[in-house]
Amino acid sequence: MSAFSLSQALAWIKAAAQSIDANAAHLSELDAAIGDGDHGANMARGMAAVTKKIDSAPPADLAALFKSVGMTLLSSVGGASGPLYGGFFLELGKQSAGKTELDAAGLAAVLGAGLGDIRRRGKAEPGDKTMVDALIPAIDALAAASDLAQGTAKAAETARAAATATAPMLARKGRASYLGERSIGHQDPGANSVALLFAALAQACA
Ligand code: ADP
Ligand code: MG
Ligand code: MG
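Being a predicted model, the structure only gives us computed values, none of them experimental. (Residues numbered from 1 in each chain as written. Chains lettered and ligands numbered in written order. Predicted model: local features only at pLDDT ≥ 70, side-chain atom pairs only at ≥ 80, totals over all residues. Heavy atoms only, no water.)

**With respect to the site of ligand 1**
Our working definition: Any residue with a non-hydrogen atom lying within 4 Å of a molecule or strand is treated as near it. Any pair of nitrogen or oxygen atoms within 3.5 Å is treated as a polar contact; in protein, a donor-acceptor pairing is required on top of that, and neighbouring residues in sequence qualify only through side-chain atoms on both sides. Secondary structure is summarised from DSSP: a helix means a run of H or I of at least four residues, a strand means a run of E of at least two, and numbering begins at the N terminus for each. Residues are grouped as follows: nonpolar covers Ala, Val, Leu, Ile, Met, Phe, Trp, Tyr, Cys and Pro; charged covers Asp, Glu, Lys and Arg; every other residue, Gly included, is treated as polar.
In the vicinity of ligand 1 lie 19 residues, with Asp 36, Ala 80, Ser 81, Gly 122 and Asp 188 positioned nearest. A distance of 2.9 Å is found between an oxygen atom of ligand 1 and a side-chain nitrogen or oxygen belonging to Asp 36. A distance of 2.6 Å is found between an oxygen atom of ligand 1 and a side-chain nitrogen or oxygen belonging to Asp 188. Elements represented by at least two residues in the shell around ligand 1 include exactly α3 (39-56), α5 (81-95) and α9 (189-205). When its residues are assigned to classes, the shell around ligand 1 shows five nonpolar, eight polar and six charged.

Set out below in structure tokens:
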């Protein structure tokens, strides 16, 4: 596939909502080990609200879709991840304004701006055991690709491996940081929801 347009973006968000719903219990289990056990429920509630929103008011373009996803996540997810994912998608909306198609590099740039918003808000550095640890290498993998299908597949694989690789890290941000050394040995829940989002993206671009 050569270009990412509204139909791929809609397929991405719908696949992501299904995957988050199917994996909600697992995400909450991961969060129960080092947080308050609600990450799966938070994300599933948000993505269900997103699905309802875009079904009832179909967005006209990429910018409108991502803005709608961001606003809905901001108002329905809560916790640490709500503002972070909400701001991420709002930034995707701003960056895709006036664009009807993105190639692999263009999509990587838009996602990279979303990551920038997460880093500005959350102040997490690489290695702090957060969603940032999956987002950085996944977006880098997409940026290094020329083909959208291959690039998103590589990004999904990279995000999955990066989420697994958060286990030995010491948490320095969010609730998991309250555990100090006891956060070591458990995967970060947010890095795992990122891996699901990128798997859904690859599915939509296959
Ligand atoms: P809460 O911790 O408020 O219950 P969630 O459980 O929904 O919120 O989300 C927790 C996830 O949010 C963590 O696994 C981590 O990936 C992410 N997170 C928390 N704080 C930050 C931060 N400052 N920067 C980036 N990501 C963060
Ligand atoms: Mg939580
Ligand atoms: Mg919570």
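After that view of the structure, there is still more to cover.
**Remarks on the nonpolar core**
Which entries qualify depends on this criterion: Here, the term nonpolar core denotes a set of buried Ala, Val, Leu, Ile, Met, Phe, Trp, Tyr and Cys residues that are joined through side-chain atoms within 4.5 Å. Throughout, exposure labels follow a simple rule: accessible area from a 1.4 Å probe, protein chains only, divided by the maximum for the residue type, with under 20% read as buried, over 50% as exposed, and the rest as partly exposed. Working rule for contacts: check all heavy atoms of both residues, and any pair within 4.5 Å makes them a contact.
Counting residues in hydrophobic clusters, the biggest one holds 60 residues, and the most contacted among them are Phe 4, Trp 12, Leu 111 and Phe 198. Examining the composition of this core, we find that 11 residues originate from one element, α9, more than from any other. Sequence-distant contacts of Phe 198, that is, excluding residues within four places in its chain, are made with Leu 111, Leu 135, Ala 138, Ile 139, Thr 152, Ala 155, Ala 156 and Ala 159.

**Points about the packing of helix α6 (residues 104-122) against helix α7 (residues 132-143)**
Rules: To define axes, lines are fitted to C-alpha atoms, for helices over the stretch in contact only, and angles between the resulting N-to-C directions are given on a 0 to 180 degree scale. To sort the angles, those under 35 degrees are grouped as roughly parallel, those over 145 as roughly antiparallel, those from 65 to 115 as roughly perpendicular, and the leftovers as oblique. Two helices crossing with the near one rotated counterclockwise from the far one by less than a right angle form a left-handed crossing, whereas a clockwise rotation gives a right-handed crossing.
Two elements in contact, α6 and α7, have axes separated by 9 Å at closest approach and are oriented at 160 degrees. With respect to each other, α6 and α7 are oriented roughly antiparallel. For α6 against α7, the interelement crossing comes out left-handed. Residues Ala 104, Leu 107, Ala 108, Leu 111, Gly 112, Leu 115, Ile 118 and Arg 119 of α6 form the contact with α7, whose participating residues are Val 132, Leu 135, Ile 136, Ile 139, Leu 142 and Ala 143. When grouped by side-chain class, the residues that make up the contact of α6 with α7 number 12 nonpolar, one polar and one charged.

**Brief notes about the environment of Ala 162**
Examined against the element boundaries, Ala 162 turns out to sit in helix α8 (residues 148-164). Sequence-wise, Ala 162 and Pro 137 are 25 residues apart; in three dimensions their C-alpha atoms are separated by 7.3 Å. Residues in contact with Ala 162, not counting those within four places in the same chain, are Asp 133, Ala 134 and Pro 137.

**Side note on the confidence of the model for the protein**
Definition in use: pLDDT expresses, on a scale from 0 to 100, how confident the predictor is about each individual residue.
Taken as a whole, the protein shows an average pLDDT of 97; of its residues, 100% reach a score of 70 or greater. In the predicted assembly, ipTM is 0.99 and pTM is 0.98.

**Observations regarding the environment of Ile 13**
Position of Ile 13 relative to the elements: it lies in helix α1 (residues 6-22). Overall, the relative accessible area of 1% leaves Ile 13 in the buried class. In this structure, Ile 13 is in contact with Met 47, Val 50, Ile 54, Leu 65, Val 69 and Phe 89, ignoring residues within four places of it in sequence.

**Side note on the coordination of the magnesium ion (ligand 3)**
Operational definition: Coordination here is defined by N, O and S atoms within 2.8 Å of the metal (3.2 Å for Na, K and Ca), and since water is not considered, a site can look incomplete.
In this structure, Asp 36 (OD) and Asp 38 (OD) serve as the protein donors to the magnesium ion (ligand 3), at separations of 2.1 Å. Separation of the magnesium ion (ligand 3) from the magnesium ion (ligand 2) amounts to 3.5 Å, with Asp 36 serving as a shared donor to the pair. Overall, Asp 36 belongs to the partly exposed group, its relative accessible area being 37%.

**Things to note about the coordination of the magnesium ion (ligand 2)**
The coordination sphere of the magnesium ion (ligand 2), as far as protein atoms go, consists of Asp 31 (OD), Asp 36 (OD) and Asp 38 (OD), spread over 2.0 to 2.2 Å. Spacing between the donor residues of the magnesium ion (ligand 2) along their common chain follows D-x4-D-x1-D.

**Brief notes about unusual backbone geometry**
Backbone geometry places Lys 123, a non-glycine residue, at a positive phi of 60 degrees. As for its position among the elements, Lys 123 is in the loop between α6 and α7. At Lys 129, a position not held by glycine, the phi torsion is positive, near 70 degrees. For Lys 129, the position within the fold is in the loop between α6 and α7.

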